[in-house]
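# Observations on the three-dimensional arrangement
Chain by chain, the residues run as shown.
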Amino acid sequence: MRPILMKGHERPLTFVKYNSDGDLLFSMAKDHNPTIWRADDGTRLGVYKGHNGAVFTCDVTHDSARLVTGSADQTVRLWDVRTGEELHRWSYREPARSVDFGEGEKLLAATTDPFMGEPSKILVYRLDDDPAKLDSEPVMSLTGPEGRITRAVWGPLNNTIVSVGEDGMLRKWDAETGKVLHETQAHEKSIVCLQPSYDGTCFITGSHDKTAKLFDFYSLEELKTYSHEKPVLSAFVSPLLDHVVLAGGQDASQVTLTSSKAGGFESKIVHKVYNTEVIGTVRGHFGPVNAIAYSPDGRSFVTGGEDGYVRLNHMDAEYFAL
Amino acid sequence: MSKGSAMSARTRWGDDDDDLFGDGGGHGASSGGAVDISLPPPQIIGPDANGVKTYIEYKINEKNQKVKVTKKVKVSKYMRRVTPGMVERRKWTPFGDAANARDQECRTVASIEDIYLERPRLQAEKTELEKDKDKLAAMTKDSATLMPYRSMRLRAKYRELAQSLGIEERGDTMPPGDDDGPPGSGSMPPLPSKGGYVPPSLRGGAAAAGAAMRDRRDENSLRVTNLSEDCREADLQELFRPFGPIQRIYVAYDRETGESRGFAFVNFIHHEDAARAKEKLDGFGYDNLILRVDWAAPRPERADGEGGGGGGDRGGPRHDRGGGGYGRR
Amino acid sequence: MRGVGGRKGYPPGGRGPVVLSPFCPSAAGLAVRSIPPPRNPPLRESMASTMALYMGVPGLPAPVGFDPSSCDVDDVVLPDESLGFDFGVSLDESPSPEEAQLAKMSSTLENFSSVVVVDCIPVVPREKQDKLLAVLGKIFRHPEIGSTVPDGIHMPVDANGTSKGFAIIEYVSPQSAQKAVESINGYRLDKNHVFSVFNLASAERLLAIPRTYEPPPSKPYTPTENLFSWLMDARGRDQFASRYSDQTEIFWNDAKATGKEEPVYQRQNWTESFVQWSPKGTCIATVHRQGAALWGGPEWARLQRFAHPNTRLIDFSPDEKYLVCFSLQEPSHPRESAQANLGFFDLRTGKKMRTFSGPAEDYGTSASSGVTSWPVFRWSGGEDRLFAKMGKNCVSVYECPSFGMCTTSEGDKKSYTAEALSDFRWSPSANIMALFQKEHGGGNAPARVSLVEFPSRKDIRQKALFSVAEAALNWHPQGTYLGVTVDRYTKTRKSTYTGFELFRVAEKDCPMEVLELQDKKARIICFAWEPKGHRFCIVSAPSEISGGRTTVDFYSMLTTDPKTGTVDRKVKHLTTLKSRQCNAVYWSPAGKHIVLAGLKSMNGQLEFYNVEELESMAQSEHFMCTDVDWDPTGRFISTSVTSVHQMENGYNLWSFSGKMLSRTPRDRFLQYLWRPRPPSLLGEKKEAEIAKNLKSYAKRYEDEDERLREKQDTNLASHRKRLMDEFKGWEKRIMERRAFEAKERRSLRGPNGYISDDEVEGTIEEEMEAEEVLEVREEVE
């Protein structure tokens, strides 16, 4: 296949996300500019200007009308997807690390990093279609663990919030009371990614301990473990085939002594059920791969790398026969 | 590749993108960008009853020979759901920075080369082995080489040899579990054994393979400047390795401080790889500096005498093998 | 017998003999020590005579400050003990504290356990006795054994003053006496005298032997470990040991059939520094602070332990009879040199046969730079094992099992002198040593290569070499040939060029040939003989600048004309491979195949070459590999990246033809060692017969492999089925739950939101095309 290379970011990518229909692609990077692209041919559709720091996270509503982003500039901002207009801003004293719309997009969960003595927090907001009526105050604020929370997502039916952090712990919070319902030491090292599957049944986590794990979204039962040669920076579950894709590389700060062969700048597709069988690898990035996502139809996947490139891989027919 | 049916009329839409941006052609061996008037026009035949489409293209290779490239593809159709929302969004216009028509900062290009889903180890290595076998075969000066070419003579020979040593050469067969796997358990069917993917470095044909091996080093040598001080050979390895096997990297160091003087020479084995690397990495932002990559001017090589056999001691003694090795440590 | 100390003779059964000995301070300067009589049965004859002799005393050294000549011993009268004078000697009743102390010391005498008797020392006249005593003193007062009591060595002499051929030595502690017995017993002073040392206390045991013979109780037979069980593997697999971080693992290499390795044994912290197989693969040695240990057999039981503190390096004798341990003792003063300690142990019993110790420089090491060349003692290849060490201008050759130096024809134990000796190498198959002496005598004596047979020291062959700067000796692994790489000065003596002197050692008179490379100025990187063959390989860096590429040449010492069958015994050039990335070569142990490797700066290039057909089989790469090892049969090759490099540690397994079979990354990888095999028990004829009928043998093994693979496939299939069923079960449960929740989900999405997960009104279907490349053909027109 011939991947489409999209160079629009000057700095490393942090996160990529498809919209629900799979025709739009959102990329977040350290260059302050969340960008929207067309997913079929990779043409750039727009840039959301406004952030003053690296953008780590985003989520988009089901109707692809609203985009929410979180950034190191200590704000979470809501945008109009089509026009690029900033609709609302929530400000903090700490960098915002993760954002997630709840089911129905009436709720927003955002997390902030521990900073200047403040612990990490999960903040829940009630949303309204009318931007003017948006509340800047959270309906609930949960204090997280000492370490950084790298991602927090809504559980099924918005009853719970699931979070992962640098302490390798996986926690389930009650969305009503804010109590921790369940916590496990899911990984030995920092968990840097958590991606729910499109069908909402499970999620996959990626960690610096060179493994990715598949969990049941309800029970938090660990279903599978996929091992990798390098720290896993991002992972995704295919909606179409029994595959998961892992991507990673040395932690960006440690890339000095490796060759590209050893740096693992490739994405690895592994069988979801036969977790030790590798389907194949796709190379191409000149640096560690920080973000990866399958399209909702499972026919392509996009990767964002430390090298600032976004690569869109439409899989060939051969892939679907596997 | 999946794209709207409207686009299927074009032969290689990746090349078209190049034209859109006005970069012109000349990206390595397999590009069709620079159209030579004397070349016959490309043709598309089919799809035939089996759904096989044939693309025929002409290009000039390094030796200034006209090469006819025939590519057979199997076209399959699938249905894609298009929601009203998608239809609506197709009408959207760019905004923000994207609104600048010829925004130099952003480029969307289809990759010139094919990226393959590399199958796990044995498959990948097999391709390496075949590459070499093909190179050897190529040196027998066949003018019309069929890709991929398998040396029957060599294979038979090695099979015999392997038999004589009691090893079964698995040769072309797949690793256990991938081959005619146990039926009905969702195993993977084998890759099409004839045809199938061809590593780019072999695409240039026998002539290119031969030429590559006979290239003079200077032609494959790139000079990289504007490197950061703590840039090391290994960093350049990782940066240039994706383009192809590297023969040698030389980083200029300051004798006193031990830092890099900011430039280095990278020698590729194949000229095409060097050309691609130059094209891709010239102007590439690396470690907060913009790299400059040029062809190196021919210069006398330093004698690189790295002698001594064998690696160092790793916790165990290396006995002086009286019979082998030169013995000087 | 005249008794000293005033008593004429001694009453039988009385107080016992008295002996003059400056042991106990006493007023008169005379000390009296009484030796209580031995206990129960009467002493045996030799004992009695020994004791009598001890009492006899004439040769006993005089007490301090006492001049024997000044008094007539007979006139010395001791007060009667019955009067109560005890001279401060410990007696049976109420000793004072000091006396108690002395009593304790002397009570050891009661058991004689700190006294040893050494027999079979030379019989020497009076003049030589002092010298002999000095020699005995040096031996018996060795720091490792212990110190004797002052004047504790007593050598009785007979009436003529000639020594009687034995001596009695009293140590301060019984442990010292024990050590003396252990280490000096059997010591060969010279050709005719082997010391026999025994502890006096053991005399008691001898006396306790009952008069009638009772057969000893029979111990039930416990079979020891079968050390050769691994050779009986039905599939003829080889084992290898791999070491990474603190784990040591031993695997079967099953790369051929299953593509995987089968673990045999695994142990964490099995060794403190490294492991080493014995040369025939019987056992594996691990090294610890206290010494070395041997493990073997199917259960890897500990076979033996060797005490040698701070062992740094070990070496096996080729026949696996002995183990040499080397340790280096750091000097306590900066100006002192480090002490090197080498211990030779019998492999089976663990007994220390001999030690060598001395300043580190004597043993080819220095504390700062470590061992320059190990093994320091090189073993010969012949049947009777000899080992030799290079000294300054000489070679010291020792023999087993006596561990003494080989004697010259005159019977002297001397090293073999060789002026300006630079290097020596034993032939791997015979007791022939090749020596290289540099130019000496201020240029008068040219450099010389000689072949000497030991222990006869017969010169088999000598060759003078002129204008030589340096040379290296390379024996063929089977001892058939010797190759000498000679760097000669050019006429201007400013640069060197290299040539080769090739000796056909197996033939009569060792005929020699000279070989020079076509490119005179090329620098030789590597020279290697083909095992079990007649070829050799030279890797050189050509004089023209080549960007780090090297040239590989193959030659043969013996070529057979296929048509006429005549054998041409001349060095013949076979082929040259130009412009290769190779700086080390690894021949297969069976010959015929070779791996040309570019290590270090060439980052792990590998070329698999068939020398029989003069064809390259494959070219590949193991990025950054540091070691290349053939398995003992020549079927597989392992390339590994050890922890010299931080990244990419691990090992790859290849078939002999260059096909990669497996890749195993392992962090902090340290060692990969194939288990050696003992030499084949088949004779040459049988081997040739098998090679001829290989097809019929091969078929059987191929069938077996096929069956194994099938079995593996079905195993894999059932495993996968199980996994999939399990997962599908989970999926079903989850989807049921989601279906149950669907209604609630929809309500969450609100009236404006999307109705369900899938269908959206107004959706149309669009046709898309996907292309799959079948074939690409290029033709030049």
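Residues numbered from 1 in each chain as written. Chains lettered and ligands numbered in written order. Predicted model: local features only at pLDDT ≥ 70, side-chain atom pairs only at ≥ 80, totals over all residues. Heavy atoms only, no water.

## Focus on the overall build of chain C
When you go through chain C residue by residue, the secondary structure sums to seven helices and 50 strands. For chain C, the residues scored as buried account for 48% of the 781 residues in total. Sequence separation of at least 24 residues holds for 46% of the intrachain contacts in chain C that already meet a minimum separation of 6. For chain C, the exposed surface amounts to about 40300 Å²; the carbon and sulfur share of it is 52%. (Helix = DSSP H or I, 4+ residues; strand = E, 2+ residues; numbered from the N terminus. Buried < 20%, exposed > 50% of the residue type's maximum accessible area, 1.4 Å probe, protein only. Contact = heavy atoms within 4.5 Å. Areas by Shrake-Rupley, 256 points an atom, 1.4 Å probe, with all protein chains shown as cover.)

## So, the overall build of chain A
For chain A, the count of helices and strands is two helices and 28 strands. Of all 322 residues assigned to chain A, the portion counted as buried reaches 71%. For chain A, restricting intrachain contacts to residue pairs at least 6 apart in sequence, the fraction spanning at least 24 positions comes to 42%. When the accessible area of chain A is evaluated, it comes to approximately 10000 Å², of which 45% is carbon and sulfur surface.

## Some points on the packing of aromatic side chains
On inspection of all chains with the given rule, the structure shows 47 aromatic pairs over all chains. With a centroid separation of 4.6 Å and an interplanar angle of 15 degrees, the aromatic rings of Phe240(C) and Tyr672(C) are classed as stacked. In this pair, Phe240(C) sits in strand β9 (residues 238–244) while Tyr672(C) sits in strand β49 (residues 669–674), placing the two residues 432 residues apart along the sequence. Each of the two residues, Phe240(C) as well as Tyr672(C), counts as buried. Centroid distance Phe527(C) to Trp529(C): 5.6 Å. Interplanar angle 80 degrees. Geometry classified as edge-to-face. Accessibility classification places Phe527(C) together with Trp529(C) in one group, the buried group. In this structure an aromatic cluster arises from ring pairing among Tyr322(C), Phe344(C), Phe356(C), Phe377(C), Trp379(C), Phe387(C) and Tyr398(C). Geometry around Tyr309(A) places Lys7(A) over its ring, the cationic atom sitting 5.2 Å from the centre. (Phe/Tyr/Trp six-rings, centres within 6.5 Å; stacked < 30°, edge-to-face > 60°. Lys NZ or Arg CZ within 6 Å of the ring centre and 35° of its normal.)

## A closer look at the environment of Pro531(C)
Residues and elements named next belong to chain C. Mapped onto the fold, proline 531 is located in the loop between β35 (523–529) and β36 (535–541). In this structure proline 531 comes out as buried when scored by relative accessible area, which is 11%. Sequence separation between proline 531 and serine 588 is 57 residues; the distance between their C-alpha atoms is 7.3 Å. Not counting chain neighbours up to four residues away, the residues in contact with proline 531 comprise Pro477, Gln478, Trp587, Ser588, Pro589, Ala590 and Gly591.

## Overview of helix α4 (residues 174–184) of chain C
Residue and element names in this part refer to chain C. Residues of α4 that are buried include every one of Ser176, Ala177, Ala180, Val181 and Ile184, and no others. Angular distribution of buried residues about the axis of α4 spans 140 degrees; they occupy a single face of the element. When the buried face of α4 is taken as reference, the exposed residues oriented beyond 90 degrees from it are Gln175 and Glu182. Those residues of α4 hidden inside the fold are in contact with β3 (115–119), α3 (126–140), β5 (166–171) and β8 (196–199). At the C-terminal side of α4, glycine 186 shows a positive phi close to 90 degrees. (Arc of directions from axis to C-beta.)

## A look at the sheet that holds strand β16 (residues 311–316) of chain C
Residues and elements named next belong to chain C. Spatially, β16-β17-β18-β19 is the arrangement adopted by the four strands of the open sheet, whose pairing is antiparallel. Only two strands of the sheet have a single neighbouring strand rather than two, namely β16 and β19 (352–359). Across the sheet, the mean angle from the axis of one strand to that of its neighbour is 15 degrees, orientation sign disregarded. In terms of strand pairing, β16 meets strand β17 (residues 322–329) through five bridges, oriented antiparallel. Bridge pairing in β17 links leucine 313 to phenylalanine 326. (Pairing = 2+ DSSP bridges. Axes fitted to C-alpha atoms, helices over the stretch in contact; angles between N-to-C directions.)

## Describing the interface of chain A and chain C
Contact with chain A, which involves 32 residues of that partner, is made by 26 residues of chain C. Together chain A and chain C conceal approximately 2800 Å² of surface at their shared face, both sides included; 61% is due to carbon and sulfur atoms. Looking at the side of chain A facing chain C, the largest losses of area belong to Leu157(A), Tyr218(A) and Tyr274(A), adding up to 24% of the total buried there. In this assembly, chain A and chain C are joined by one salt bridge. Here Glu277(A) and Arg720(C) are joined by a salt bridge, their closest N and O atoms 2.4 Å apart. (Buried area = accessible area lost by both parts, 1.4 Å probe. Salt bridge = Lys/Arg side-chain N within 4 Å of Asp/Glu carboxyl O.)

## Observations concerning the UniProt feature "repeat: WD" (unreviewed entry) in chain A
UniProt's entry tags residues 6–47, 48–89, 142–183, 184–225 and 282–312 of chain A with the feature "repeat: WD" (unreviewed entry), counted in the numbering of this structure. Secondary structure content for residues 282–312 of chain A is 0% helix and 58% strand, while the C-alpha to C-alpha distance between its ends is 11 Å. (UniProt positions renumbered as here; feature names shortened; annotations may be inferred.)

## Quick look at α3(C)
Residue and element names in this part refer to chain C. Its 15 residues give α3 an end-to-end C-alpha distance of 21 Å, which sits within 8% of 21 Å, the value for a rise of 1.5 Å per residue. Along α3, the residues classified as buried are Gln129, Leu132, Leu136, Gly137, Ile139 and Phe140. Buried residues of α3, viewed axially, fall in a sector of 160 degrees; they line one side. Turned more than 90 degrees off the buried face of α3, the exposed positions are Glu127, Asp130, Lys131 and Lys138. (Expected span 1.5 Å × (residues − 1).)

## Things to note about the sheet that holds strand β11 (residues 107–112) of chain A
Sheet strands line up and pair through hydrogen bonds in the backbone, either parallel or antiparallel. Residues and elements named next belong to chain A. Read across the sheet, four strands follow the order β10-β11-β12-β13 without closing on themselves; strand pairing throughout is antiparallel. On the outer flanks of this sheet lie β10 (96–101) and β13 (140–143), each paired with one strand and no other. The mean angle between the axes of side-by-side strands here comes to 15 degrees, regardless of whether they run parallel or antiparallel. Bridge count between strand β12 (residues 121–126) and β13: four bridges; the pairing is antiparallel.

## What about the state of the cysteines?
With the rule as written, the count across this model stands at zero disulfides over all chains. Unpaired in terms of disulfides, Cys537(C) finds its nearest cysteine sulfur in Cys526(C), a separation of 6.5 Å. (Disulfide = S-S within 2.5 Å.)

## Description of unusual backbone geometry
One non-glycine residue, Met116(A), lies in positive phi territory at about 50 degrees. Note that Met116(A) resides in the loop between β11 and β12. One non-glycine residue, Glu320(C), lies in the positive phi region at around 60 degrees. Secondary-structure assignment places Glu320(C) in the loop between β16 and β17.

## What about the pairing of strand β42 (residues 593–598) of chain C?
Residue and element names in this part refer to chain C. In terms of residue burial, β42 counts as a mostly covered element, since six of its six residues are buried. On β42, burial covers both faces: His593, Val595 and Ala597 on one face and Ile594, Leu596 and Gly598 on the other are all buried. Across four bridges, strand β41 (residues 584–587) lies against β42 in antiparallel orientation. Bridging across to β42, valine 585 finds its partner in leucine 596. Linking β41 back to β42 in an antiparallel pair, the connection comprises five residues, with glycine 591 at a positive phi of about 80 degrees. As paired strands, β42 and strand β43 (residues 605–610) are joined by six bridges and run antiparallel to one another. Among the inter-strand pairings, histidine 593 is bridged to a residue of β43, identified as asparagine 610. Connecting β42 to the next strand, β43, in antiparallel fashion are six residues, including lysine 600 with a positive phi near 55 degrees.

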